[in-house]
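Breakdown of the fold
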Amino acid sequence: MSQDKKSPPKSQGSSAKSPNQKKASTPVAAVKPGAEKAAKTADTRAEPIAAKKSPANVTNTSGAPAEASKTSGVSSPKSASKPRASLAAKPERPGASANPSKTEQSADAGMKAVGPVAELEPLKPVMTSPELARSPMDAPDLLNAGPASRPESVADASKKPGVDAPGPEAVAATPLAVASDPTLRVEPVQPGQPVERRALPHEPAQEAPHAPEWAPPPHHPVRNPLFIVHISSELAPVAKVGGLADVVFGLCREMEQRGNHVEIILPKYDCLRYDHIWDLQCAYEDLWVPWGGAAIHCSVYSGSVHGRKCYFIEPHSQDNYFNRGVVYGFNDDVMRFAFFSRAAMEFLWKAGKHPDIIHCHDWQTALVPVMLYEIYQPMGMMHPRVCFTIHNFKHQGATGGGVLNATGLNRPEYYFHYDRLRDNNNPQAINLMKGGIVYSNFVTTVSPRYASEAKDQGQAFGLEPTLHIHHSKYGGVVNGVDYEVWNPEIDPLLSVNYSVDSLDLKYENKRALRHRLMLADNEKPIIAFVGRLDPQKGIELIRHALFYTLAQGGQFVLLGSSPDHSLNAYFVGLKHQFNDNPDAHLEIGYNEELAHLIYAGADITVVPSRFEPCGLIQLIAMRYGAIPVVREVGGLADTVIDKDFSNHALNERNGYVFRDYNEAGLESALGRAIACYYQYPEHFRALMKNAMRYDYSWNHPGQDYLNIYDFIREQ
Ligand code: ADP
């Protein structure tokens with residue numbers, strides 16, 4: 001009788017305390033000790049510095065990245081907490097080309113020269129969106145709250161979060177409000193007018209030897225809602241390439257559930273999953289985005305993606321930036337996303353939106369904080385603080401200086417400085433991700449282990465010195481999983497829903513998966529891999545896992561694809577090799593629906609990554625009771641606890657871990673998993689329950705991000 005047909009092995013210790021219970025009372029591992037101390041340190045930063053300094057030009061005058069890290073290493077603890085403060089001196093007017101004289105619009109190219117008049121005009125919406133009017137942030141008490149609901153003037157740039165914040169949605173209502181109430185008009189600074197500039201995001205603090213890493217301060221029990229805008233190149237499920245899309249959606253939902261107002265700005269790709277967008281309508285049809293000394297005409301659409309309020313920016317230009325059928329993979333990707341970043345900022349400015357927090361992600365939107373502080377703050381956009389999340393250090397947006405003129409940042413001599421955007425490896429290049437680190441108020445990456453691997457173990461692909469310089473505003477927060485999407489109890493894409501208390505039903509999904517992929521119905525465990533076929537994911541070991549699994553009496557399922565044609569072709573060849581094998585199936589491509597069924601049907605999931613910033617695959621797999629077999633790196637090391645080799649309590653162990661990136665390493669963990677499945681089914685079942693009980697939702701990371709937002713609002 002096959003194992004599928006009999007009841008799965010019984011639980012070993014149902015009376016054991018659930019890991020969930022324990023975790024609920026423990027802060028997420030991301031939050032390192034010293035939160036209160038760090039908060040206090042930040043609070044003491046009151047002493048102004050006299051001369052104008054850019055966020056970047058404080059510490060390293062040598063110009064050499066290696067020196068930067070060396071310098072930071074010898075500074076005293078005292079100097080590490082040296083105050084950074086407001087810049088009283090008259091700032092330079094950056095982006096000179098942002099104000100050229102106005103010229104005629106060129107209709108066919110969708111370009112026009114930018115002039116001061118155009119810049120000062122508030123953006124008019126195409127229509128009054130009923131959705132905007134219904135927004136909780138449009139409640140009359142907020143709109144009528146006097147100064148609190150006004151877009152701030154330059155002079156009263158906020159110091160206290162939530163007090164002088166522009167009524168979280170002075171924003172959506174602004175175009176209308178501006179028309180009827182001149183007191184609500186944003187008053188941009190006239191050229192030449194001195195601007196008192198808020199402390200730049202981060203003059204880099206010099207690193208104290210052995211200084212504790214930053215950790216979010218404790219949660220404030222009573223808090224005002226925040227207005228948070230995410231600027232992102234991906235959002236699940238409408239524009240998903242990898243984990244970034246899941247993270248943006250899940251984090252936004254969590255923040256809204258905690259009472260904050262969240263909006264997301266995305267490119268309007270032609271390949272968006274439009275079937276997941278509700279109420280899509282043109283909200284603003286005349287957004288002119290400064291670009292290359294002229295301007296590109298854009299339309300901005302609003303819509304709702306499973307309850308999340310989104311704006312989609314559509315440029316009308318011959319460059320056709322977002323009508324390419326896929327999200328990434330073009331020679332001009334840097335220009336495409338630099339344009340998107342400028343367009344998103346211009347949209348915020350023209351629409352009168354002054355969020356408390358702008359949260360941007362990866363190199364694609366790393367120029368947002370640079371533009372905020374170098375272009376929009378001098379124009380009067382003083383309120384927002386920026387949190388920048390790095391999902392992967394491998395892709396940094398290193399590029400030539402052309403992007404500076406295109407975006408209106410100009411001044412190559414200013415930005416080609418090691419303390420600003422100059423690439424640490426290639427002096428001829430600027431590095432967008434580095435700009436994001438230097439100019440943001442806070443930088444996160446997606447697990448504490450990866451945060452330290454990047455800074456201290458050479459995993460930052462050249463940005464290590466920059467992370468050292470900016471270590472006091474840098475930390476790791478493990479991503480959450482959206483349990484309203486990834487939850488076997490309610491997942492509509494499964495054959496049968498199940499939970500930790502009805503584990504036997506998982507085997508209906510195993511049967512359904514086999515049926516769908518035409519695999520034999522037998523007693524074998526199914527070992528799965530879902531993910532991008534990228535060298536980062538450990539291509540050689542994924543391949544080896546396939547052969548090893550078959551040799552050990554298991555079945556193997558792979559779902560993945562690669563933008564690299566030769567890699568894709570290699571796996572297509574492998575697929576053909578196993579076409580007639582009843583124990584293996586390779587699905588080359590992207591298939592969200594099939595992914596759900598694989599997590600539900602698999603017994604074991606392999607994630608043998610070379611490096612892994614966080615990894616959602618193992619977190620999702622755990623929720624579905626598919627035991628993770630992972631390499632001990634990055635977020636995998638932070639989230640998977642080995643069944644046999646660990647100091648953790650038995651009921652906290654949730655998978656198998658190996659260290660060495662080689663076949664023997666993989667076999668040492670995968671072999672134990674398969675052996676346990678066959679020889680100790682009761683133990684295997686207990687392990688499944690442990691994994692399913694873990695809370696890897698957005699609950700804890702959501703709190704961590706709120707703490708970070710509070711922290712940077714209070715600066
Ligand atoms: P990364 O962000 O490096 O791609 P993560 O583990 O953080 O990796 O997130 C991967 C996400 O993308 C998961 O939700 C996974 O299920 C999904 N995914 C990756 N490849 C595919 C695919 N070919 N088909 C369906 N879903 C995929």
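My aim in this report is to walk through the structure given alongside it, one point at a time.

Conventions adopted
Residues numbered from 1 in each chain as written. Predicted model: local features only at pLDDT ≥ 70, side-chain atom pairs only at ≥ 80, totals over all residues. Heavy atoms only, no water. Helix = DSSP H or I, 4+ residues; strand = E, 2+ residues; numbered from the N terminus. Buried < 20%, exposed > 50% of the residue type's maximum accessible area, 1.4 Å probe, protein only. Contact = heavy atoms within 4.5 Å. Areas by Shrake-Rupley, 256 points an atom, 1.4 Å probe, with all protein chains shown as cover. Pairing = 2+ DSSP bridges. Axes fitted to C-alpha atoms, helices over the stretch in contact; angles between N-to-C directions. Nonpolar A, V, L, I, M, F, W, Y, C, P; charged D, E, K, R; others polar. Expected span 1.5 Å × (residues − 1). Near = heavy atom within 4 Å. Polar contact = N/O pair within 3.5 Å; in protein donor to acceptor, adjacent residues only side chain to side chain. Phe/Tyr/Trp six-rings, centres within 6.5 Å; stacked < 30°, edge-to-face > 60°.

1. Things to note about the overall build of the protein
Along the protein, the regular secondary structure elements total 25 helices and 17 strands. Each of the 715 residues in the protein was classed as buried or not, and the buried ones make up 62%. Sequence-distant contacts in the protein: of pairs separated by 6 or more residues, those separated by 24 or more amount to 77%. Accessible surface, the protein: about 26,000 Å² in total, of which carbon and sulfur atoms supply 53%.

2. Describing the pairing of strand S4 (residues 294-305)
Burial of S4 is extensive: 12 of the 12 residues sit out of reach of the surface. The alternating pattern of S4 places Ala294, Ile296, Cys298, Val300, Ser302 and Ser304 and Ala295, His297, Ser299, Tyr301, Gly303 and Val305 on opposite faces, both of which are buried. Here strand S3 (residues 277-291) runs beside S4; their pairing, made up of 10 bridges, is antiparallel. Bridging from a neighbouring strand, tryptophan 291 pairs with alanine 294 of S4. Counting the residues in the hairpin turn of S4 and strand S5 (residues 308-315) gives 2 residues, including histidine 306, whose phi is positive at 45°.

3. Points about unusual backbone geometry
Residue proline 237 is bonded to the preceding alanine 236 through a cis peptide linkage, with omega at -5°. Relative to the elements of secondary structure, proline 237 occurs in the loop between strand S1 (227-231) and helix H9 (243-257).

4. Considerations on the packing of helix H23 (residues 663-679) against helix H24 (residues 681-693)
The contact between H23 and H24 brings their axes to 5 Å, and the two run at 115°. Together, Ala673, Cys676, Tyr677, Tyr678 and Gln679 of H23 and Pro681, His683 and Phe684 of H24 make up the contact between the two elements. Class assignment of the residues belonging to the contact of H23 with H24 gives a composition of 6 nonpolar, 2 polar and no charged.

5. Quick word on helix H17 (residues 506-517)
Along its 12 residues, H17 runs 17 Å from first to last C-alpha, staying within 8% of the 16 Å computed at 1.5 Å per residue. Buried residues belonging to H17 abut strand S12 (526-532), strand S13 (555-561), strand S14 (584-588), helix H20 (592-601), H23 and H24. Of the residues flanking the end of H17, it is methionine 518, one or two places downstream, whose phi is positive at about 55°.

6. Comments concerning the sheet that holds S14
The strand order across the open sheet built from 6 strands is S14-S13-S12-S15-S16-S17, with neighbouring strands paired in parallel fashion. Of all strands in the sheet, those with a lone pairing partner are S14 and strand S17 (656-658), marking the two edges. Between one strand axis and the next, the sheet turns through 15° on average, direction left out of account. In the sheet, S13 pairs with S14 via 5 bridges, with the strands oriented parallel.

7. Some remarks on the site of the ligand
Neighbouring the ligand are 22 residues, the closest being Gly243, Arg532, Gly589, Tyr599 and Leu616. The side chain of lysine 240 places a nitrogen or oxygen atom 3.0 Å from an oxygen atom of the ligand. With the chains in place, 94% of the 560 Å² that the ligand exposes on its own is no longer accessible.

8. Brief notes about the packing of aromatic side chains
Overall, the coordinates contain 24 aromatic pairs when judged by the stated rule. Ring geometry for phenylalanine 322 and phenylalanine 337: centres 6.2 Å apart, planes at 50°, overall tilted. Here phenylalanine 322 is found in the loop between S5 and helix H10 (333-350), whereas its partner phenylalanine 337 is found in helix H10, with 15 residues between them in sequence. Each member of the pair phenylalanine 322 and phenylalanine 337 is classed as buried. Arranged with centres 6.4 Å apart and planes meeting at 40°, the rings of tyrosine 705 and tyrosine 709 form a pair that is tilted. Taken together, the residues tyrosine 705 and tyrosine 709, both in helix H25 (residues 699-713) and 4 residues apart, mark about one turn of the helix.

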